[in-house]
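Overview (structure and organization)
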Amino acid sequence: MSQAPQAVQQQAQKSNTFNKSEKTKDIRLTNIQAAKAVADAIRTSLGPRGMDKMIQDAKGQVLITNDGATILKQMDLVHPTAKMLVEISNAQDVEAGDGTTSVVVFAGALLKSCEVLLEKGIHPTTISEGFQFALEYALTALEELKKPVDLADKQQLIECVQTALSSKVVSSNSAQLAPLAVDAVLRIVDPEKPNNVDLKDIKIVKKLGGTIDDTELVEGIVFSNQKASQAAGGPQQIKNAKVALLQFCLSAPKTDVENSIAIKDYTEMDKILKEERKYIIDLVKKIVASGANVLLIQKSILRDAVNDLSLHFLAKKGIMVVKDIEREDVEFISKTLCLVPVAHIDQLTPEKLGTAGLVETVHLSDESKVLRITEVPAQSKALTILVRGSNQLVLDEADRSIHDALCVVRSLVKSKGLIPGGGAPEIHLSLRLTQMANTLTGAKSMCVRAFADALEVIPYTLAENAGLNPINVVTELRNRHLKSQKFAGIGMKKNNIVDDITTEQVVQPILVTRSALSLATECVRMILKIDDLVISAR
């Protein structure tokens, strides 16, 4: 009689184990499907012939782009695994600036390979370890394609930037934007830190109007929305400027919001006006005593930054006033003009002033105005790129494209190596990994081979988006590489396979591919290790 309950108990344990394994399998497959859906959504945007996406937000504003990171940021994703792909795209954008679509497409291909391996009964940990082994071997094999970069050879850098811009909406303007981006980054390279560049030293300012061809590089600061005050005949041009950045208001102090002052007699009113006039005159005297002849005043929320009275007295003293400086611009202005922001009038001393050779209001080609501060101190190494565009959509896309171009040059400064583009590195690595898989045995061999197959998704998608037959193109590419033509790639100019893609100036920083492979593999390994999804109540 005792054997019957024991048999029932064993059967229940088997049932629980089976249900648990089925649940784990379902969650893992759900995670893979969610991530693959995100990768498939932006796959058509890969490459110079990739399609653009039109995105409309809840407010009705429209965005047109084919930048992977920008598209994914705008997506309202709910599934936590899908959000992981957004994070690796953002990480790629920060690290390399380019390859934000490639990293997601490759991660999607790896996950597709994982599905096949899991169906064959291979344990997720084994797949994860196999992918890590394949990644390390691939990164070593990638060095075989590397060509050293000399930062003094500007033409080489320009070709690399033009490749990155070829897939953007502004690709037709790459001949002008590429040299501009290269010049900007090379000017701010610090000799003490030759292997890195701080892109915060380059400010991108957008001004609606004109065309992208009117975009220019300015050694100094450009204000597109803030103008020199013309009230009371204030000056519009100052040479040999002494600039003060004020974080206090040049207007009479106000009471708190809850308080008010009741005036019953006109003599009291007269007294208040005299006090206000005296207060403003004292401020102006202290400003004049400091030697400042250009005032940049930070935007104030509580009260007006300046009033008519202060503008009148400052204009009489020949001092230029620029108000409504944004808080986020304070650091860049301080760094560029070598000045110290002043929070109180008593702290305004000559030592805290910045210098500039010329501060003036400039008329642009379309008669719009901007304020320029040029001939800044040589040690500042800060620049401004003034971006023009005929409409807001083009202007925003040009802004994103220039940022990506700057990041590409920074990648070359950080890791001084170039590799061919056009799908050549992926095919080369795929063949090398396949050869390695033939020397291995068991599940590890299958995992490495799956990693190799996933790499072919990049040339496959490039060909597909260009309207070519992807199977024929990838097969022909594989044959060329087997014949030791390791620089053979897909040429988009004539839609054919080129024996040496570098002859068509299709090159990219090695850091872009290295970072994309590492981030995609890391993300896929993390997804594979997830066996349950717990919803927290907090």
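Residues numbered from 1 in each chain as written. Predicted model: local features only at pLDDT ≥ 70, side-chain atom pairs only at ≥ 80, totals over all residues. Heavy atoms only, no water.

Going by the annotation in an unreviewed UniProt entry, the name recorded for the protein chain is T-complex protein 1 subunit delta, with Paramecium pentaurelia given as the source organism. Quoted verbatim from the Subcellular location (unreviewed entry) field of UniProt, the annotation for the protein chain is "Cytoplasm". As its UniProt record puts it under Sequence similarities (unreviewed entry), the protein chain is described as follows: "Belongs to the TCP-1 chaperonin family." (UniProt positions renumbered as here; feature names shortened; annotations may be inferred.)

Below, the discussion takes up a positive patch on the surface. A surface patch of positive charge is lined by Arg 277, Lys 285, Lys 316 and Lys 317. Inspection of the secondary structure puts Lys 285 in helix H8 (residues 266–290). Given a relative accessible area of 56%, Lys 285 falls into the exposed group. (Patch = residues over 30% accessible without salt bridge, like charges linked within 9 Å, V, L, I, M, F, W, Y side chains within 5 Å. Areas by Shrake-Rupley, 256 points an atom, 1.4 Å probe, with all protein chains shown as cover. Salt bridge = Lys/Arg side-chain N within 4 Å of Asp/Glu carboxyl O. Lys, Arg positive; Asp, Glu negative; His and termini not counted. Charge placed at Lys NZ, Arg CZ, Asp CG, Glu CD. Helix = DSSP H or I, 4+ residues; strand = E, 2+ residues; numbered from the N terminus. Buried < 20%, exposed > 50% of the residue type's maximum accessible area, 1.4 Å probe, protein only.)

One pass over the full model with this rule turns up 2 aromatic pairs. On the numbers, 5.6 Å between centres and 80 degrees between planes, the contact of Phe 106 with Phe 451 is edge-to-face. A residue pair is termed long-range when its members are at least 10 positions apart, and Phe 106 in helix H4 (residues 100–119) and Phe 451 in helix H13 (residues 442–455) qualify at 345 residues. Take Phe 106 and Phe 451: they sit in the same class, and that class is buried. Between Phe 131 and Phe 451 the ring centres are 5.7 Å apart and the planes differ by 65 degrees, which places this aromatic pair in the edge-to-face class. You can see Phe 131 sitting in helix H5 (residues 124–142) and its partner Phe 451 sitting in helix H13, a full 320 residues away along the chain. These aromatic residues form a ring-pair network of at least three members: Phe 106, Phe 131 and Phe 451. The ring centre of Phe 487 lies 5.0 Å from the NZ or CZ of Lys 147, which sits over that ring. Over the aromatic face of Phe 133 sits the side chain of Lys 444, whose NZ or CZ is 4.0 Å from the ring centroid. (Phe/Tyr/Trp six-rings, centres within 6.5 Å; stacked < 30°, edge-to-face > 60°. Lys NZ or Arg CZ within 6 Å of the ring centre and 35° of its normal.)

Among all positions of helix H9 (residues 308–316), only Ser 310, Leu 311, Phe 313, Leu 314 and Ala 315 are buried. Close packing links the buried residues of H9 with H8, strand E8 (294–298) and strand E9 (320–325). Positive backbone phi, at 70 degrees, marks Gly 318, one or two positions downstream of H9. (Contact = heavy atoms within 4.5 Å.)

A separate point is the sheet that holds strand E4 (residues 202–208). Hydrogen bonds along the backbone pair up the strands of a sheet, which may run parallel or antiparallel. With mixed pairing, the 3 strands of this open sheet are ordered in space as E4-E12-E5. Edge positions in the sheet fall to E4 and strand E5 (216–218), since each of these pairs with one other strand and no more. Looking at each pair of strands side by side, their axes are set apart by 25 degrees on average, direction ignored. Where E5 meets strand E12 (residues 383–389), 3 bridges bridge the pair, whose relative direction is antiparallel. Looking at the pairing, Val 218 lines up with Thr 384 of E12. Helix-sheet contacts for helix H11 (residues 392–414) involve E4 and E12, and the interaxial angle to E4 is about 165 degrees. (Pairing = 2+ DSSP bridges. Axes fitted to C-alpha atoms, helices over the stretch in contact; angles between N-to-C directions.)

So, about a nonpolar patch on the surface. Residues Ile 261, Ile 263, Met 269, Ile 272 and Leu 273 make up a contiguous nonpolar surface patch of roughly 440 Å² in combined accessible area. Within the fold, Ile 263 resides in the loop between strand E7 (237–246) and H8. On the accessibility criterion, Ile 263 (35% relative accessible area) is partly exposed.

This part covers H13. Its 14 residues give H13 an end-to-end C-alpha distance of 21 Å, which sits within 8% of 20 Å, the value for a rise of 1.5 Å per residue. Restricting attention to buried positions, one finds in H13 the residues Ser 445, Cys 447, Val 448, Ala 450, Phe 451, Ala 452, Ala 454 and Leu 455. Summarising the contacts, the buried residues of H13 are in contact with H4, H5, helix H12 (424–438), helix H14 (457–465) and helix H16 (510–529). (Expected span 1.5 Å × (residues − 1).)

Position of Ala 424 relative to the elements: it lies in helix H12. Taking the relative accessible area as the measure of exposure, Ala 424 reaches 0% and is therefore buried. Linking Ala 424 and Ile 71, residues 353 residues apart in sequence, is a C-alpha distance of 26 Å. Setting aside its immediate chain neighbours within four residues, Ala 424 contacts His 481, Lys 486, Phe 487, Ala 488 and Gly 489.

The subject of this paragraph is the sheet that holds strand E3 (residues 147–148). Judged by pairing direction, the sheet is antiparallel, and its 3 strands sit side by side in the order E3-E13-E16 without closing on themselves. In this open sheet, the two edge strands, each paired with only one partner strand, are E3 and strand E16 (507–509). Contacting strand E13 (417–420) and E16, H16 runs over the sheet at an angle of about 65 degrees to E16.

Turning our eyes to something else, we now look at the packing of H4 against H16. The interhelical angle for the contact between H4 and H16, taken along N-to-C directions, is 40 degrees, at an axis separation of 9 Å. Regarding the angle of H4 to H16, the classification is oblique. When you trace H4 past H16, the crossing you get is right-handed. Across the interface between the two elements, Val 103, Phe 106, Ala 107, Leu 110, Leu 111, Cys 114 and Leu 118 from H4 touch Ala 516, Leu 517, Leu 519, Ala 520, Thr 521, Val 524, Ile 527 and Leu 528 from H16. When its residues are assigned to classes, the contact of H4 with H16 shows 14 nonpolar, 1 polar and no charged. (Parallel < 35°, antiparallel > 145°, perpendicular 65-115°, else oblique. Left-handed = near helix turned anticlockwise from the far one by under 90°. Nonpolar A, V, L, I, M, F, W, Y, C, P; charged D, E, K, R; others polar.)

The next subject is the pattern of salt bridges. Overall, the coordinates contain 24 salt bridges when judged by the stated rule. For Lys 203, the salt bridge is made with Asp 329, and the minimal N-O distance between the two is 2.8 Å. Here Asp 329 lies in the loop between E9 and helix H10 (330–337) and Lys 203 lies in strand E4, a separation of 126 residues in the sequence. The residue Lys 274 makes a salt bridge to Asp 270 at a minimum N-O spacing of 3.9 Å. Remark: Asp 270 and Lys 274 occur in helix H8; sequence separation between them is 4 residues, near one turn of the helix. On the accessibility criterion, Lys 274 (55% relative accessible area) is exposed. A relative accessible area of 39% means that Asp 270 is categorised as partly exposed. Overlapping salt bridges, with partners in common, bring together Asp 67, Lys 168 and Asp 404 in one network.

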